Amino acid sequence: MKHNRRKFLESAALGVGVASAQPVAGPPGQPDAAATARRHPLVRTQPTPDFFEGMLLGNGDLGVCVTVRPDALGLHLGKNDAWDIRVSEEHAAHIKTFREVLDLWRRAGEEAKRQGHPDMLFLESRIDFFREYSELMQSSYRKPWPRPWPCGTIWLHWDSRMVRVVRQELDIASGMLTLRLEHDDLRGKARPFAITCFVSREANHVSVSSDSPAPVVSCAYQPHWEQEALLPEPRIQSLEGGFSGFQEFPATAPAAGQPHPPRSKEDRSMAIHGVLAGRWQAETDSARRRVLLRPPALPHPLRLDVTLLTSRDTADPAAQAGRESARFASASIAELRRESSAHWAKFWSASAVELGDTELERIWYQNQYFLACCLKEGKIAPGLFGNWSSGKIGTAWHGDYHMNYNTQQVWWGVFSSNHVEQHEPYTRLVEALMPMAEWNARVQFGLPGAYFPHSAYPVPSKVNPYPAPPWGYEICETPWTVQSLWWQYKYTLDEEYLRRVYPLLRAAAEFLVAFVSKGEDGKYHIIPTVSPENWGATVDFRLNRDCIIDLALTEFLLDAVDEGSRVLRLDADRREKWREVRRNLAPYPTGEGPYGRVWLDVRDAPAEYVYNVPVTLAPVFPAEQVGLASKAELLELARRTAKTVRLEGGNDLVWQPLARARLGMLDLEWFKREVRYCLTPLGTANDRVRQIDGRYSDATNFDFMMRMGVWTENLSLPAVINECLLQSYDGVIRLFPNRRNLGAAAFRDLRAAGAFLVSARFDGKRISGVRVKSEKGAPVRMAKPWEGARARVVSKGAQVDAVESGGVIEFATRAGETYEIGTAPAG
């Protein structure tokens, strides 16, 4: 049976279940998520030689950017754990305690006043002795290491006189890239041929093959190399019908007294092995650091199998890569394709949306694909630019983990999209950061608990790489780092998981409770602090008091640990202190702007400041303290702030519209324009400047971040659309809460807080086809989807008792059962 857009929107589609990697057809009339994804291929109709024009492939660990020149196909290889892992630690011995930093800060303030500048901003860069310390704390970060290390490029060459690139098409449903070409032998004969490329979904294997003899004249592998990186030379080898490469990654960074440090047990490595079908002749060109292979005759069928492994995958990646590539090379291409496609089908079966607006639908599906290419259970969490790299692409800011939104944003949509498994790498990341966070709290601050760093890397070193004022003192980063751990529990009600992460939540809360100070007004204040990348250190903490995101995320975390402790029956003796601080936190800072009262980022900040991120919307999101259920006056304040906040662009493509959706005020036509503005030829949306008068001026290149790499943070764009279809963060399920220019829409198995999978449809006027599957048997609370008639809840053909109060339907559920919610018959 064919499934088209109209059929989806007309039917109460519930889910395609796949119990294994084999694709399983659902009952007739249910939507096929993979079929919907297939409607949104990435297509090129000409050569695309530039990295940012390429096609992105991946399996959540191994990433490939495929470029096509008029004379060659290029495979630019990267991997989430292929890193230069060295961290320079010379600064660590000079890290001052927080009290000592505060003394510097106060002295710098006095010096600014002495100079006649009591309103000076960024004291840490403008007062000499404070700047000297700040620069010392940045010295490690200014090294070229650590950083993602590209795994090299494979080139398949042809004669551009004889070969014409006709079309490239990437099927995001299966991860299959098909390159259609035409071969002209220059003797009057022309014929089409195709090359297919894919990354195996469950193995670090790249397959390239042709459907008929292909006029490929040579194959070259070139490892990445930079003299200034001071890494060991890559080892490359030409093999009979193939090639291999090996790169060592020392754990110890060179220092003035030790320019060539010895090996250590923490060293890592990366190995690649490629096998070409047929009797290719190989040679090693050491001068150009490449292996070159030539076929025995032209044209010939093309088949290339490549395996890429690191020492995280196996103890001997070189030997294992050789064995694996030989194993893949002996398997049939058809079987490898079927197996990989089946795993993609399983991925797509988790949830589905289908939207009357094809552009919104494309944004949802293509970004789900990109996210799945760089994010996977059991693998290393992607950094700023994921697993796609070439040369210096993907290395800005070390390609690291920035804990003041960039890192966290990647995971904002995984729960509502019903891909909880994708959050697993982040959980391990936070666990890995705990020793550093506990050291920061204990040694730097002299406080209990854990204070998480501003920047981090997937490396063995446990030294805080960036304890520099002011950004090393953004208090919000600690509750923000652990926030999604609580989300995973709330969206799954998995108590075993909660037991695992509760100590991390508690440690963050204990630090915050110890850090806040009670003022004469009886309120707990967060002083000093630093608004995310605004103001810096100021005189007498003038603009370093009660940052709104600190306050809001502290509220979130204290509520979380309170509830978590009750669920696990732990720490009853700590709850009252948590609650007392929570009840008496300072109010959010506000000020009068030209459009009325709005939230500010810190006390006494100017109302019309141009922010880099929508920090003033933090109570709405990420902190989830204000939303559609809030009192009218508070909701109006939030909406006015959202409507009038000034943002420079480049860091708000997901956050700003998501907060607006939470307030029911997101115009989806505006959202699409914003996404288009930031789109790259890759199909991904990157960070692009929008507004001067904050950190940027007319002299700024508005595109300076567009070619840094693939900004993984913006792959969470589906989260914005999910929030228009379904909200549940406060315990009440709201269907289609943001409809402005949404149009007809339907969704299947979006995940709601309370461990529910929800499906519904909207024809532009009326909601229907509402179904809820309860995973853990929690009670459902749902905002009534329609006015007038009473609700009727049915499960297994029997009516279920439901109570309606205040516009909310509530009913009990049993684990594993599905409930249909409709209107009761009249009479």
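Calculation criteria
- Residues numbered from 1 in each chain as written.
- Predicted model: local features only at pLDDT ≥ 70, side-chain atom pairs only at ≥ 80, totals over all residues.
- Heavy atoms only, no water.
- Helix = DSSP H or I, 4+ residues; strand = E, 2+ residues; numbered from the N terminus.
- Expected span 1.5 Å × (residues − 1).
- Buried < 20%, exposed > 50% of the residue type's maximum accessible area, 1.4 Å probe, protein only.
- Disulfide = S-S within 2.5 Å.
- 1 Å grid on protein atoms, 1.4 Å probe; cavity = no way out; pocket = protein on both sides within 12 Å on 5 of 7 lines; lining within 4 Å.
- Points joined across faces, edges and corners; volume = space filled by probe spheres on them.
- Nonpolar A, V, L, I, M, F, W, Y, C, P; charged D, E, K, R; others polar.
- Core = buried A, V, L, I, M, F, W, Y, C linked by side-chain atoms within 4.5 Å.
- Contact = heavy atoms within 4.5 Å.
- Phe/Tyr/Trp six-rings, centres within 6.5 Å; stacked < 30°, edge-to-face > 60°.
- Lys NZ or Arg CZ within 6 Å of the ring centre and 35° of its normal.
- Salt bridge = Lys/Arg side-chain N within 4 Å of Asp/Glu carboxyl O.

A. The arrangement of helix α13 (residues 548-568) in detail. With 21 residues, α13 should reach 30 Å at 1.5 Å per residue; the first-to-last C-alpha distance of 30 Å fits that figure. Within α13, 18 of the 21 residues are buried, which leaves the element mostly enclosed by the surrounding structure. Backbone geometry just downstream of α13 places Arg569 in the positive-phi region, at approximately 55°.

B. Just the state of the cysteines, in detail. Evaluation of the coordinates by the stated rule reveals 0 disulfides. With no disulfide of its own, Cys151 has Cys65 as its nearest cysteine by sulfur position, at a separation of 14 Å. Here Cys476 is not cross-linked by a disulfide; its sulfur's nearest cysteine counterpart is in Cys547, at 6.1 Å. By relative accessible area, which is 0% here, Cys476 ends up buried.

C. Focus on empty space enclosed by the protein. Under the criterion given, the structure shown has 14 cavities of 30 Å³ or more. Mapped onto the lining of the largest cavity, the elements with two or more residues apiece are α11 (477-492), α16 (655-662) and α18 (718-725). Residue composition of the lining of the largest cavity, grouped by class: 7 nonpolar, 1 polar and 3 charged. Size it by volume and the second largest cavity reaches roughly 90 Å³. Broken down by secondary-structure element, the contributors of at least two residues to the lining of the second largest cavity are β25 (596-599) and α15 (632-644). Class assignment for the residues of the lining of the second largest cavity results in 8 nonpolar, 3 polar and 2 charged.

D. Examining the nonpolar core more closely. In this structure, Phe671 and Leu735 are the most contacted members of the largest nonpolar core, which totals 246 residues. No other element matches helix α12 (residues 495-515), which puts 13 residues into this core. Beyond its immediate sequence surroundings of up to four residues, Leu735 is in contact with Leu725, Leu726, Phe747, Val758, Ala760, Ile767, Val770, Met782 and Pro785.

E. Looking closely at the environment of Leu360. If you trace the backbone, Leu360 turns up in helix α8 (residues 358-374). Considered as a pair, Leu360 and Leu668 are 308 residues apart in the sequence and their alpha carbons are 8.4 Å apart. Aside from chain neighbours lying at most four places away, what touches Leu360 is Leu355, Leu668, Phe671, Lys672, Ile721, Asn741 and Leu742.

F. Geometry of the packing of aromatic side chains. In the structure shown here, the tally under the stated rule is 40 aromatic pairs. Ring centres of Phe347 and Trp348 lie 5.1 Å apart, and the angle between their planes is 75°; on these two criteria the pair is classed as edge-to-face. Across this residue pair, the class does not change: Phe347 and Trp348 are buried. Plain terms: the ring middles of Trp412 and Trp655 are 6.2 Å apart, the flat faces sit at 85° to each other, and that makes the pair edge-to-face. Placement of the pair is Trp412 in the loop between α9 (406-409) and α10 (424-445) and Trp655 in helix α16, with a sequence separation of 243 residues. Positioned above the aromatic ring of Phe328, the side-chain terminus of Arg327 is 4.5 Å from the ring centre. Taking NZ or CZ as reference, Arg766 lies 6.0 Å from the ring centre of Trp786, over its face.

G. A look at the pattern of salt bridges. Within the structure shown, the criterion is met by 66 salt bridges. Between Lys79 and Asp313 there is a salt bridge whose closest N-O contact spans 2.8 Å. On the criterion of sequence distance, the pair formed by Lys79 in strand β4 (residues 72-79) and Asp313 in the loop between β18 (303-310) and α6 (317-330) is long-range, its members being 234 residues apart. By relative accessible area, Lys79 is classed as buried at 4%. The partner of Arg235 in a salt bridge is Glu248, with the nearest N and O atoms 3.6 Å apart. Here Arg235 is found in strand β13 (residues 235-239), whereas its partner Glu248 is found in strand β14 (residues 242-249), with 13 residues between them in sequence. Through salt bridges with shared partners, one network takes in Asp61, Lys79, Asp81, Asp313 and Lys379.

Remember that the coordinates give geometry; whether it matters functionally is a separate question.
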